[in-house]
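Chain by chain, the residues:
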Amino acid sequence: MPARAEKILIFPIESGQPAWIMWFPVWWDFAAFINTYHHREIDLRNPIDANYAWVLTSTEAIMWNENCTKHFSENQLNITPGVIEAMHQLEVALSQASWVIVESYEWESGLD
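By convention here, each chain's residues receive numbers from 1 onward along its written sequence. Only residues with pLDDT of at least 70 are given local features in this predicted model, and only at 80 or more are side-chain atom pairs given and counted; all residues enter the totals for whole chains, interfaces and linings. Side-chain metrics rest on all non-hydrogen atoms present in the structure, leaving aside hydrogens and water.

**Concerning the environment of Pro12**
Thinking step 1. Numbering of helices and strands runs from the N terminus, with a helix taken as a DSSP run of H or I at least four residues long and a strand as a DSSP run of E at least two residues long. Tracing the chain through its elements places Pro12 in strand 1 (residues 2-12).
Thinking step 2. Distance from Pro12 to Ala97, taken between C-alpha atoms, is 4.1 Å for residues 85 residues apart in sequence.
Thinking step 3. Excluding anything up to four places from it in sequence, Pro12 contacts Gln17, Pro18, Ala19, Gln96, Ala97 and Ser98. In what follows, a contact means two residues having at least one pair of non-hydrogen atoms within 4.5 Å.

Here it is, written out as structure tokens:
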């Protein structure tokens, strides 16, 4: 049975610096993300799997992250040291980004 995974790729402004890749943040609401950026969806047209990408500017990604962080933080049960650290790392990476790509792809889980 196929499974889905989402990740974000952050490309820095400064030439020669490495991109930063992470799993889709737990504080980002994926359904809301799709609803907000559905007009930016790129179907990668893989004949076997359903794979999609969304390209955002750094400003769009920063605004999205700030909004999601605010809503996620309203529930104190969500706030753990690991999540706080991940939020900080993403905030820093986005502040140095030129482009952000969100990727959603199918993969074979082997649980058929």
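**Focus on the layout of surface pockets**
Thinking step 1. Each cavity reported here is a set of points on a 1 Å grid over the protein atoms alone in which a 1.4 Å probe fits but cannot get out, each pocket an open set with protein on both sides within 12 Å along at least five of seven lines, and each lining residue one with an atom within 4 Å of a point. Grid points are joined across faces, edges and corners, and a volume is the space filled by probe spheres set on the points. As a volume, the largest pocket reaches approximately 160 Å³.
Thinking step 2. In this structure, the largest pocket is lined by Ile10, Pro12, Ile13, Glu14, Gln17, Pro18, Trp20, Gln89, Val92, Ala93 and Gln96.
Thinking step 3. Of all the elements in the fold, those that place two or more residues in the lining of the largest pocket are strand 1 and helix 3 (81-95).

By themselves, these are just geometric observations and shouldn't be taken as functional.
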